[in-house]
Amino acid sequence: MITKLNHVSIFVLDQDSAFDFYVNKLGFKVHTDATMGPGMRWLTVCPPEQPDLEITLMAITEGMMFKGDAAEQMRALVSKGTFGFGVFECKDLQATYEELQAKGVEFTKPPTKEFYGFEALFKDDSGNWFSLGQADSK
């Protein structure tokens, strides 16, 4: 029986830029940053309070996963914000929103009370979008 999920991928346009975004802007911790052969890098980060969930910042490059023009198609989908999304939570949404906005994170929706909770929406540097909610506001 499956007991938990320990890795998930976010497809990114550039791993160096994604490293900067997730580590220096969002405050995630680097778990693994290793060369995996010529031109390949295994880069995982995790939220500081969730070290057992590794988020793989997966470069979209032609190779093992993407054949032919699939890499170009995937890059287009990600950059348009039409492929990936996720939901993060924090303890104080307004303070986190202000901190991340000051670091240059692009928000597409400011903190807003919704019927399901208190959330803001932001995009990473590749175009993936995320909901950021306040953990105790449900």
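Residues numbered from 1 in each chain as written. Predicted model: local features only at pLDDT ≥ 70, side-chain atom pairs only at ≥ 80, totals over all residues. Heavy atoms only, no water.

Visitor: Just checking my understanding: could you explain the pattern of salt bridges for this structure?
Guide: If the charged atoms of two oppositely charged side chains come close together, the side chains can form a pair. Counting across every chain of the model gives eight salt bridges. Residue Glu 106 is joined to Lys 123 by a salt bridge in which the shortest nitrogen-to-oxygen separation is 3.6 Å. Linking Glu 106 in strand β6 (residues 106–114) with Lys 123 in strand β7 (residues 117–123), this pair joins segments that are 17 residues apart in sequence. (Salt bridge = Lys/Arg side-chain N within 4 Å of Asp/Glu carboxyl O. Helix = DSSP H or I, 4+ residues; strand = E, 2+ residues; numbered from the N terminus.)

Visitor: Please clarify how the sheet that holds strand β5 (residues 85–90) should be interpreted in this entry.
Guide: Sheet strands pair via backbone hydrogen bonds, and the direction of the pair is either parallel or antiparallel. Taken together, four strands build an open sheet; the order of strands is β5-β8-β7-β6 and the sheet is mixed. The sheet is open, and its two edges are formed by β5 and β6, each paired on a single side. Between one strand axis and the next, the sheet turns by 20° as a mean value, whatever way the strands run. With respect to the sheet, helix α3 (residues 93–102) is in contact with β5, β6, β7 and β8 (129–134), its orientation differing from that of β6 by roughly 170°. (Pairing = 2+ DSSP bridges. Axes fitted to C-alpha atoms, helices over the stretch in contact; angles between N-to-C directions. Contact = heavy atoms within 4.5 Å.)

Visitor: Help me out: how do you make sense of the nonpolar core in this one?
Guide: Generally speaking, soluble globular proteins have nonpolar side chains that are buried together. Within the largest apolar cluster, 24 residues are counted, with the highest numbers of intra-cluster contacts made by Tyr 22, Leu 26, Leu 57 and Phe 122. In terms of residue count, the dominant contributor to this core is helix α1 (residues 15–25) (four residues). If we ignore the near neighbours within four places in the chain, the residues touching Phe 122 are Phe 21, Leu 26, Phe 88, Val 105, Glu 106, Phe 107, Thr 108, Asn 128, Trp 129, Phe 130 and Leu 132. (Core = buried A, V, L, I, M, F, W, Y, C linked by side-chain atoms within 4.5 Å. Buried < 20%, exposed > 50% of the residue type's maximum accessible area, 1.4 Å probe, protein only.)

Visitor: Hey, could you run me through the packing of aromatic side chains in this one?
Guide: Note on aromatic pairs: each is described by the distance of the centres and the angle between the planes. Tallying each qualifying case throughout the model produces 12 aromatic pairs. Plain terms: the ring middles of Phe 88 and Phe 122 are 6.3 Å apart, the flat faces sit at 15° to each other, and that makes the pair stacked. Note that Phe 88 is positioned in strand β5 and Phe 122 in strand β7, a separation of 34 residues in sequence. An identical accessibility class is assigned to Phe 88 and Phe 122; each is buried. Put simply, the rings of Phe 21, Tyr 22, Phe 28, Phe 88, Tyr 97, Phe 107, Phe 122 and Phe 130 touch in pairs and so form one group of aromatic residues. (Phe/Tyr/Trp six-rings, centres within 6.5 Å; stacked < 30°, edge-to-face > 60°.)

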